[in-house]
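Descriptive structure summary
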Amino acid sequence: MNWRKNIVRIKSFFFGNKEESINRKITRRTIYSFLSLIFLYSLSVYSWKWIRKQKSEQGIYQPLRKVLNSNETVFSKIYSLSDLVPEYPVSQAVKNARVNGFIGMRSKLDSLWQLTIIRGSGDTLKLTLDDIKKLPKTELIFDFKCVEGWSQISHWGGVRFSDIAKHYQLGTKDRSTPDIMQNDEELYGYTGFYTPDSAYYVGLDMPSMFHPQTLLCYELNGKTLPMNQGYPLRLICPVKYGIKSIKRIGTIYFSDSRPRDYWYERGYDYYSGL
Ligand SMILES: Nc1nc2c(c(=O)[nH]1)N[C@H]1C(S)=C(S)[C@@H](COP(=O)(O)O)O[C@H]1N2
Ligand SMILES: [Mo]
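Thresholds applied
Residues numbered from 1 in each chain as written. Chains lettered and ligands numbered in written order. Predicted model: local features only at pLDDT ≥ 70, side-chain atom pairs only at ≥ 80, totals over all residues. Heavy atoms only, no water. Helix = DSSP H or I, 4+ residues; strand = E, 2+ residues; numbered from the N terminus. Rg over C-alpha atoms; globule rule 2.2 N^0.38 Å. Buried < 20%, exposed > 50% of the residue type's maximum accessible area, 1.4 Å probe, protein only. Contact = heavy atoms within 4.5 Å. Areas by Shrake-Rupley, 256 points an atom, 1.4 Å probe, with all protein chains shown as cover. Lys, Arg positive; Asp, Glu negative; His and termini not counted. Charge placed at Lys NZ, Arg CZ, Asp CG, Glu CD. Salt bridge = Lys/Arg side-chain N within 4 Å of Asp/Glu carboxyl O. Pairing = 2+ DSSP bridges. Axes fitted to C-alpha atoms, helices over the stretch in contact; angles between N-to-C directions. Phe/Tyr/Trp six-rings, centres within 6.5 Å; stacked < 30°, edge-to-face > 60°. Lys NZ or Arg CZ within 6 Å of the ring centre and 35° of its normal. Near = heavy atom within 4 Å. Polar contact = N/O pair within 3.5 Å; in protein donor to acceptor, adjacent residues only side chain to side chain. 1 Å grid on protein atoms, 1.4 Å probe; cavity = no way out; pocket = protein on both sides within 12 Å on 5 of 7 lines; lining within 4 Å. Sits in = over half its atoms within 2 Å of the grid points. Nonpolar A, V, L, I, M, F, W, Y, C, P; charged D, E, K, R; others polar.

Section: the overall build of the chain
- Looking only at helices and strands, the chain has six helices and twelve strands in total.
- For the chain, the C-alpha radius of gyration of 28 Å lies well beyond 19 Å, the compact-globule estimate for 274 residues.
- Principal-axis analysis of the C-alpha atoms gives the chain an extent of 100 × 45 × 35 Å.
- Out of the 274 residues belonging to the chain, those deemed buried represent 43%.
- The contacts in the chain between residues at least 6 apart in sequence include a share of 63% that link residues at least 24 apart.
- Just so you have it, the chain exposes about 16,000 Å², and 56% of that area is on carbon and sulfur atoms.
- With 39 positive and 26 negative side-chain charges, the chain shows a separation of 15 Å between the mean positions of the two kinds.

Looking at the pattern of salt bridges
- In the structure shown here, the tally under the stated rule is ten salt bridges.
- The residue Asp163 makes a salt bridge to Arg160 at a minimum N-O spacing of 3.9 Å.
- Residue class for Asp163 comes out partly exposed when judged on its relative accessible area of 21%.
- One salt bridge connects Lys173 with Asp256, and the closest N-O pair in it is separated by 2.8 Å. Of the two residues, Lys173 is situated in the loop between α5 (161-167) and β7 (190-194) and Asp256 in the segment after β12 (251-255); the sequence distance between them amounts to 83 residues.
- Taken together, the salt bridges that share partners define one network made up of Arg119, Asp123 and Arg175.

Some words on the sheet that holds strand β3 (residues 115-120)
- One open sheet holds the five strands; their spatial order is β4-β3-β12-β7-β8, and the pairing between them is mixed. Edge positions in the sheet fall to β4 (123-127) and β8 (201-205), since each has one partner strand and no second. If you compare each strand with its neighbour and ignore which way they point, the axes differ by 20° on average.
- Bridge count between β3 and β12: three bridges; the pairing is parallel. Bridging across to β12, Thr116 finds its partner in Thr251.

A closer look at the packing of aromatic side chains
- Across all of its chains, the model carries 14 aromatic pairs by this definition.
- Summarising the aromatic geometry, the rings of Tyr201 and Tyr262 are spaced 5.8 Å apart at their centres and angled 70° between planes, so their arrangement reads as edge-to-face. With a gap of 61 residues between them, Tyr201 in strand β8 and Tyr262 in the segment after β12 connect regions that are remote in the sequence.
- Judged by relative accessible area, Tyr201 falls into the buried class, the value being 5%.
- Look at Tyr262 and you get buried, because its relative accessible area is 13%.
- Grouped by ring-pair contacts, the aromatic residues Tyr194, Tyr200, Tyr201, Tyr253, Tyr262, Trp263 and Tyr268 constitute a single cluster.
- Here Arg258 stacks its cationic end above the ring of Tyr264, 5.3 Å away from the centre of that ring.

Structural notes on the side chain of Lys240
- Relative to the assigned elements, Lys240 resides in the loop between β11 (234-236) and β12.
- By relative accessible area, Lys240 is classed as buried at 3%.
- Those residues in contact with Lys240, other than ones at most four positions away along the chain, are Leu204, Asp205, Ser208, Tyr271, Ser272, Gly273 and Leu274.

Observations concerning the site of ligand 1
- If you check the shell around ligand 1, you find 19 residues, and the closest are Arg98, Ile103, Gln229, Arg234 and Lys247.
- At 2.9 Å, a backbone N or O of Ser245 approaches a nitrogen atom of ligand 1.
- Lys247 is positioned such that a nitrogen or oxygen atom in its side chain is 2.5 Å from an oxygen atom of ligand 1.
- Coverage of ligand 1 by the protein chains reaches 97% of its 540 Å² of free accessible surface.
- The cavity that encloses ligand 1 is the largest pocket.
- Here the residues of the shell around ligand 1 are counted per class, giving ten nonpolar, six polar and three charged.

Following this line, the structure appears as structure tokens:
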């Protein structure tokens, strides 16, 4: 047999030829689909095994963490301070807002609670609830979204974070009045929060903190914030999933690196933008 004939045979084995019978054609294609099935299956098993062998970073395997981080790059690029989340009429807000998450809220609240704001090293500001209530009140009725998959329209009242920050010169390294629109060089990159017992903690990027609808809230449905909704003061950041809206704030601080974040350390997206 000469080599030419062999090549023709091999070729028709893989790709068929004009005289091929229907039966042979079917057999050939069955073998193909079988082989590709086995190939794709092994590929997915091997890639999952490979991912599992990688180092884990903040509660999640590194390759998956990379996916979350690149999501962050895209989302923070399209984020705009002037894009407001939709607001609703009061009639659409739920009367009994759902309570979700009790981390950092199990201990008894100190009756002498004050908000601690660490402006920079050695410069700490303490505010009472009355101090905070002296600033202009802002209300927000919006669709609150939790990563667990539920959402509801709820009605909050409090002070814009940007109003507090401007009034008390917060978030800048030189303690000047912050101005996010001016691409402020003096502005820290992040704001961090802790509950008084430090059990729950979050970190948010400054553009989200200075969003005009980001509030430090002391009211729900026009009344004092209930204990399980974060009394005396909670964050409502409507451009983020609910995980970032920390209830019962104890301490606020600023930093250029990402502050610790409870759910980030357990494998969630740090940015958690909507
Ligand atoms: N201190 C504290 N804040 C928290 C949580 C928590 O467990 N502890 N859970 C978060 C999550 S996951 C959500 S969805 C919202 C829920 O707020 P709600 O209880 O007012 O519905 O609070 C956030 N803030
Ligand atoms: Mo949540």
